[in-house]
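As a plain string of letters, each chain reads:
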Amino acid sequence: MSSPTQHSAWQALAQHQQAMASVKMTELFANDATRAESFKASAAGWSLDYSKNRANTDTMKLLLQLVEQAGMKSAITGMFKGDHINNTENRSVLHVALRASKAQEALMVDGVNVLDEVRNTLAQMENFVTQLHSGEWKGYSGKKITDVVSIGIGGSYLGPKVVTEALTPYKKDDIRVHFVANIDGSDITEKLKLLKADSTVFIVSSKSFGTLETLYNANAARAWCIAEGVPEAEIKKHFAAVSSNVEKAVKFGMAEENIFPMWDWVGGRYSLWSAIGLPVAVAVGMNHFYELLDGAHAMDEHFKSAPFEQNLPVIMGALGVWYSNFHNAQTHALIPYDHYLRAMPAHIQQLDMESNGKANLVDGSGVETDTGPIIWGGAGTNGQHAYHQLLHQGTRLVPVDFIAPLKTHNPVADHHAQLFANCLSQSQALMVGKSLAQAEQELRDAGATEEQVAAIAPHKVIPGNRPSNTLLTEQLTPFTTGSLIALYEHRTFVQGTIWGINSFDQWGVELGKVLGTDIYNRLVNDTDNSQLDASTQALIAAFKTAQ
Ligand code: F6P
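Given the structure is predicted, the values throughout are model-derived calculations rather than measurements.

## Quick notes on the site of the ligand
Surrounding the ligand, one finds 14 residues, the nearest of these being S156, S206, K207, S208 and T211. The contact in question runs from an oxygen atom of the ligand to an N or O atom on the side chain of S206, over 2.6 Å. The side chain of K513 places a nitrogen or oxygen atom 3.3 Å from an oxygen atom of the ligand. About the coverage of the ligand: the protein hides 85% of its 390 Å² of free accessible area. For the shell around the ligand, the class distribution of residues is two nonpolar, nine polar and three charged.

See the structure below:
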């Protein structure tokens, strides 16, 4: 895999950027009456308006050439057929298999039809969910289960949590679903306060079954159950696990019949479609979980087969590269105008930053370009009263994705029209800005003196020409939630492929884990810390003194 700078399209884009530097998006609209229509694409329930970008048809042509030259077609084919594209772990990357169409009979990976395993696990999940909701699954004292607590972290937490929250209008009301992730004891303590052990089931979700936070919280949950009167022999009525390491889960004390498998070919941050999504299925029921998978599958089909000029993940990925690498944008914001999607930026942050926060090409040599930007964001309109100031007048360029449903699940007076108006006005304001002349006129119209005009007007200038995408859907449903998340998964892959990196490993998180174990030993034992740096020594001493 060569550096993207070797591609002729990369060099052409660098030149083209200079030609575009002084071009205003407002001029692009003024000069092309069809721009809003032609810079638009749709798929799987979502329509993307990418007309408010610093891009003309030449830009898009060059970006798509870059996508071609990066080998996107064969990368997509390779992923879907199970090639070991995660080269540093020698693994296939097959989250798409988790949502494959029922019509597909086989997907052979290393001699195994993975679709059989996926379908068996879905059947196992369906059985579990049915038993919980019907009351057939009972706690040790014979009570129906009223609460399910998912224990997991990272990819074994964020995806299921975000989707469960997004699908709140579809929740079944007989079972509440909670999430515990942090090793901070306050997390589990606060959740346990809401629960009764005899009507609670814990799902311990850990692909490796070796993650410190999850094992600590699982142990705490087990100890709490026993303290609350669950007999040791009955503990299996209150625990299930999802893991690709069944052996470790059994060793931990999980009953084998309550362990749901997952596989090496599913990356943690891409795993919500597997049994890691069990909390979602419990919360909204299996039929809605299948609709979620169908939505993701529809986006997969689009990604696989749509021409690049109409391909949402390709267009969004290529535009992201345009800003990251040719406009020095350091971050990318996701701003859903939907309360139910308020946590989505955190999931996409993990998905993208753990995937594309890399400094080596696939062959191990160092990259010559920037790779993944910092992904951040939060729900509109809340952000407008917090960080949007920087988006409008700050010195940094922050490309934004606005995400909004056209219809609300909760009509309250005309709140939804106001919400939607705010979404549109933000992208409009980012693009049009406000000139000095406009600011001066505004002040004069308000009766300001010329001295006041001169002093205040510069502060009211908004540069504008700041880019955004707008993604719209009819309504947030299981289907459109699935397709939205799959869109961002593929966008991440598109960018990783352009940069020539492996988006599917995460070696960078290991060092912190190793050093954490060493420091922990120093906190709880008497150790000679004199070889450590003075700062770490003092911080360790502060902890020990406080205990
Ligand atoms: O520390 C990072 C990470 O390995 C993620 O990639 C993963 O989703 C998370 O930890 C949790 O891992 P596991 O599911 O194995 O507990």
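## Considerations on the sheet that holds strand 8 (residues 239-243)
Ordered in space as 6-5-7-8-9, the five strands form an open sheet in which the pairing is parallel. Here the strands that pair on one side only, and so sit at the sheet edges, are strand 6 (176-180) and strand 9 (259-261). Strand-to-strand twist across the sheet, computed as the mean angle between neighbouring axes with direction ignored, equals 20°. Across three bridges, the pairing between strand 8 and strand 9 is parallel. Directly across from V242, in strand 9, lies its bridge partner F260. Sheet strands in contact with helix 8 (residues 185-192) are strand 6 and strand 7 (200-205), and its direction is about 165° off that of strand 6. In this fold helix 9 (residues 212-227) packs onto strand 5 (147-151), strand 6, strand 7 and strand 8, with an angle of close to 160° to the strand it touches most, strand 7.

## Things to note about the confidence of the model for the protein chain
Per-residue confidence for the protein chain gives a mean pLDDT of 97; residues scoring 70 or more make up 100%. Scored as a complex, the prediction yields pTM 0.97 and ipTM 0.98.

## Topic: the environment of S42
Mapped onto the secondary structure, S42 falls in strand 1 (residues 40-43). Setting aside residues up to four positions removed in sequence, S42 forms contacts with S47, H302 and L312.

## Comments concerning the packing of aromatic side chains
For the structure shown, the criterion picks out 15 aromatic pairs. Ring centres 5.0 Å apart and planes at 85° place the aromatic pair F128 and W137 in the edge-to-face group. With respect to class, F128 is no different from W137; both count as buried. Centre to centre, the rings of F128 and F260 are 5.3 Å apart; their planes meet at 75°, and the pair counts as edge-to-face. Pair noted here: F128 is in helix 6 (residues 114-134) and F260 is in strand 9, with a separation of 132 residues, a long-range link.

## What to know about the sheet that holds strand 12 (residues 400-405)
The strand order 1-2-13-12-10-11 describes an open sheet built from six strands, whose pairing is mixed. The open sheet terminates on both sides in strands that have one partner only, identified here as strand 1 and strand 11 (374-377). This sheet shows a mean twist of 20° between the axes of neighbouring strands, independent of strand direction. The pairing of strand 12 with strand 13 (residues 468-473) spans six bridges and is parallel. Directly across from F402, in strand 13, lies its bridge partner T470.

## With respect to the side chain of R522
Tracing the chain through its elements places R522 in helix 20 (residues 510-524). Exposure remark for R522: the relative accessible area of 15% places this residue in the buried category. Residues in contact with R522, not counting those within four places in the same chain, are T527, D528, N529, L532, I540 and K544.

The rules behind each value
Residues numbered from 1 in each chain as written. Predicted model: local features only at pLDDT ≥ 70, side-chain atom pairs only at ≥ 80, totals over all residues. Heavy atoms only, no water. Near = heavy atom within 4 Å. Polar contact = N/O pair within 3.5 Å; in protein donor to acceptor, adjacent residues only side chain to side chain. Areas by Shrake-Rupley, 256 points an atom, 1.4 Å probe, with all protein chains shown as cover. Nonpolar A, V, L, I, M, F, W, Y, C, P; charged D, E, K, R; others polar. Pairing = 2+ DSSP bridges. Helix = DSSP H or I, 4+ residues; strand = E, 2+ residues; numbered from the N terminus. Axes fitted to C-alpha atoms, helices over the stretch in contact; angles between N-to-C directions. Contact = heavy atoms within 4.5 Å. pLDDT = per-residue confidence, 0-100. Phe/Tyr/Trp six-rings, centres within 6.5 Å; stacked < 30°, edge-to-face > 60°. Buried < 20%, exposed > 50% of the residue type's maximum accessible area, 1.4 Å probe, protein only.

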